[in-house]
Structure formats: C-alpha cells, structure tokens
Amino acid sequence: MIALVDCRNFYASCERVFRPDLAKTPIVILSSNDGCIIARSDEAKALGVPMGEPYFKAAHIIKEFKIVVFSANFSLYGNMSNRVMAVLGEFSDKLEIYSIDEAFLDCSQEKDLKEYGRLIHYTVRKWTNIPVAVGIAPTKTLAKIGCLLTKRDPDLCGVGLVTANMDLTKILSEVSVSDIWGIGRKLSKSLKLNGINNAQELRMADLRWIQKRYGINVVRTIYELHGTACSELRQLRPIRKSICSSRSFGRKITELREIEEAVAAYVSRAAEKLRSEELKTTTIGVYIRGGRFTNSPFSQSYFVNLFNPTDDTSFLIKIAQTAIRKIFKAGIRYEKCGVSFFNLSLKSQHQLPLFSSINQDLMEGKQLNLGTIIDKLNQRYGRDTLFISACGITPSWKTKAIKMSPHYTTDWRQLPTIG
DNA sequence: TCTGGGGTCCTAGGACCC
DNA sequence: TCTGGGGTCCTAGGACCC
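Predicted, not measured: the structure shown is a model, and the values here were computed from it.

A. Spatial organisation of the pattern of salt bridges. A full pass over the atoms with the stated rule returns 15 salt bridges. We note a salt bridge from D179 to R152, for which the minimum N-O separation is 3.6 Å. With a gap of 27 residues between them, D179 in the loop between helix 7 (168-173) and helix 8 (185-193) and R152 in helix 6 (residues 140-152) connect regions that are remote in the sequence. Look at D179 and you get partly exposed, because its relative accessible area is 40%. Residue class for R152 comes out partly exposed when judged on its relative accessible area of 42%. Among the salt bridges present, the one from K252 reaches E335, with a minimum N-O distance of 3.5 Å. Of this pair, K252 sits in strand 9 (residues 243-253) while E335 sits in strand 12 (residues 334-346), and the two are 83 residues apart along the sequence. A relative accessible area of 42% means that K252 is categorised as partly exposed. Residue E335 is classed as buried on the basis of its relative accessible area of 16%.

So this is what it looks like as structure tokens:
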C-alpha cells in the first residue's frame, strides 16, 4: 500500500504560517514579475479565481473581494517543504519526495491504514502548520484519487482510503478522466470524444486500442486503476538529466546587452545547481523568444557541444553569450530567454569503474546474470536507473512492432511472472 | 499595457553503419 | 503480392507533471 501526502494549497498555506491572521482570508500567489496566479487558497478558489490566470485579467475579482496578494517566495516554500518531508520521514522508511508539496510513502506494514493516515494528517499540521490531504491505495494513481476524495468530502477528515475490496466502480465513476494523474488536457479531451468520460470508463477501455491510440503511459494508468502498480516508489533521487534556467523579462527587450546580462545570470544559477549535485555538462543551449501571445510567436535556440564536460561558470558564460549573439536579431522585441544544460555526467565519472568491472568479468568468462548487473547499477545510482521491460514482439513479414510493457520492474526476479 | 519556471518520458523518423 | 536484415544514434515534437 502507498500513501500520498499532498500539502493543501501549498504556497498559500506557507504564507499563512507566517500570517496566521490570514487564516480565513482569500489569498493568491503570483509568479515572478507578478505575471500569473500560481496558487490560491480555498477561499480564493471559491471566489472563482482561475489557476494560471494572468494577474491583470483577474485583477477585478481580486480588488472586488479584497483578496490578499503575495509575490512568490520560493526559498520560503523550499524550506517549508523540507520541514514537512522531515516529519513524513518519521512515518516511513520508504519515502519518495515527488514534488515540493507531495510525497509517496510505503505503508505496506501498517495494520490500521485509516488511523495511520489520520496520524500523518494531524502530526504534519501540528508540527509545521501546513494542512495536508492523505490518499492511501495499492497504487500511486489510486492514492491520487484517494486525495481527491478528501477534497470533495469533508467527512473523510483529510484521509481518503481506496482499497481493492471497496466498490471501485462507484468511486471511479465519479472521477472525471481529466482528474486522473497522467491524463492531461489533450488526452482527456480526446478520450471524452471517444466516449470515455470517467475513470471507470477508462478502466474498462480496450487495452490494445488504448496502446495504439495513446501509447504505453495510458495503458499503465489503466493498470494502476485496476490496482496493479506500474510505478514504483523511487526513494533515491535519480541523477537529473537536464538543468534549465530561464525567465520572462516582464517587458519587451530589444538590446543585446540586456539579454547577454540575463544569460550570464542564468548560467551562473544553473552552474551552481550543476556543482551542488556534483555534475558536469557536455552541452549548453540558449534560447530567446517573443510574441508568445500574438499570432506570430517566434523563438530561436542554439546548442553547443563541449569537448570536455565542465562545470566552470565563466567558461560556460562565455559560450552562452557567444551563442546568444548568434541568434539575437537587432530590432526584435524579446520577452524571454533561457539557458539549458544537457548530457549531464557525474563529476567523478563513477560509471567507468562500474562498467569496466562488469566488462572485465565478462571478458574473463565469469558467470554473470543480468540480475546481478542490474542490482549493482541500481544500488549505485538508485532504483530505476536501469530497468527491464518485458516486450511483446509481433513478427510479420510486413510489420514489426515492439511494444513496451505496462508493467516494468527493476527486479529481474519478477520478469518470468510479467513476461 | 500586463501572460511562470522547471522538469520527465515516449514516439517517430532520418541518417548512417555493416 | 511485394521490399534484405539488423542495428545505432540523434533530433524533433508532443504529451504529461508540479
């Protein structure tokens, strides 16, 4: 069983920790440059302030109902998040920090799940002042739905339990496809056009058709709705694959000098992140864009592959500025620019000794099974670094299809059963 | 007038190799 | 009824998440 702990209206709740006088007041949080509404308290939601709305469009509601407005304070939210996660760490050895305001916990050992959920709900509130919802279920997708139920039904007191022996048909019929984790705007629109409106209907959909039409991820979601886990708890944070630093300017920019300065600042921020995680990069990219909300948006990017992996800020700034000069066009009004690093590698290059020891063993003809290698890699780099996917292969003289399996695993011993 | 920032994964297609 | 077979690497685009 998996518990999902989700902080309610996280950014708004964080602000309230330091402004207890605003406990009942509607609050919204704005993105950088006070551009968009990125979080709302329950009261603000009830007044009809939409998520992601540009501030100027919601300004009249905000004024009319005297909604209190905050500019986002991400370092505060990061600190509060750490506190919440530390409390959750007390409840389970197996914890996956999924985002700034959500975590999955393994609670397979717990006997009274309802009570366990209540205890989490109560303790986090007491120790951090942040209200949370708890969803408990056999899979992550169902745990998400458990959380959703608590928002609809106050009688649940913040704990939504979804178990295999409950009437899933009834529960899932009341969940819109667009509320399912992994089904976003595009997919839900398309699914609805095909007559699939709620989670129950999706659960019963034809798997082959779904895989062909929507790909493997939706198939996995369906398995999860049935109670078969397709996404494991990731306790160790995998090594990240890219770092991006970008900002909107808040006004239109036409001067190269200003953009160069911005790029230099973004590179140092991104490089700091790079070093703090003991990584180096082999690719740096820059982009600038404008006209996003006109009918002629444009953007340009330029990537540079580096000869040696590096984390040297001033070197990277030099490259980025050269790159940005290549794509900057005088006279164009730019709104945003950014810097990304790709192909990150470990500073210490641990891969080499690990792989070479495996190669050595193979060369010497030692008996090595796949399981041992996978275990080794996963141990060093965290689970899910390497996984095996059972494949179904459809041979034909004309077509060849290799499909991904919905059920993937890092445990080779499970292969015979799912293969 | 004013419209966030930072990620992941999957799929398809093309170039190229033997 | 018909194309050789088998592979790698890279890129672009599209979807999703918070």
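B. Spatial organisation of the sheet that holds strand 9. Taken together, four strands build an open sheet; the order of strands is 9-12-10-11 and the sheet is antiparallel. Because the sheet does not close on itself, it has two edges, and the strands there are strand 9 and strand 11 (298-310). Within this sheet the neighbouring strands show an average axis-to-axis angle of 15°, counted without direction. The pairing of strand 9 with strand 12 spans seven bridges and is antiparallel. Pairing of C244 across the sheet is with S340, part of strand 12.

C. The arrangement of the sheet that holds strand 4 (residues 68-71) in detail. Strand order in the open sheet made by the three strands is 3-2-4, with mixed pairing throughout. Unpaired on one side and paired on the other, strand 3 (37-40) and strand 4 mark the two borders of the sheet. Between one strand and the next, the sheet's axes are offset by a mean angle of 30°, whatever the strand orientation. Looking at chain direction, strand 2 (residues 27-30) and strand 4 are connected through four bridges and run parallel. Residue pairing for strand 4: L30 is matched across the bridge by S71. Strands in contact with helix 1 (residues 10-18) are strand 2, strand 3 and strand 4; relative to strand 2, the strand with the most contacts, it is inclined by about 110°.

D. Broad picture of the environment of I29. Counting through the fold element by element, I29 comes out in strand 2. Distance in space between the C-alpha atoms of I29 and S71 is 5.7 Å, their sequence separation being 42 residues. Non-local contacts of I29, meaning those with residues more than four positions away in its chain, are made with Y11, A12, E15, C36, I37, I38, A39, F70, S71, A72 and Y77.

Quick notes on the rules
Residues numbered from 1 in each chain as written. Chains lettered and ligands numbered in written order. Predicted model: local features only at pLDDT ≥ 70, side-chain atom pairs only at ≥ 80, totals over all residues. Heavy atoms only, no water. Salt bridge = Lys/Arg side-chain N within 4 Å of Asp/Glu carboxyl O. Helix = DSSP H or I, 4+ residues; strand = E, 2+ residues; numbered from the N terminus. Buried < 20%, exposed > 50% of the residue type's maximum accessible area, 1.4 Å probe, protein only. Pairing = 2+ DSSP bridges. Axes fitted to C-alpha atoms, helices over the stretch in contact; angles between N-to-C directions. Contact = heavy atoms within 4.5 Å.

Function cannot be inferred from these measures alone, as they are strictly geometric.
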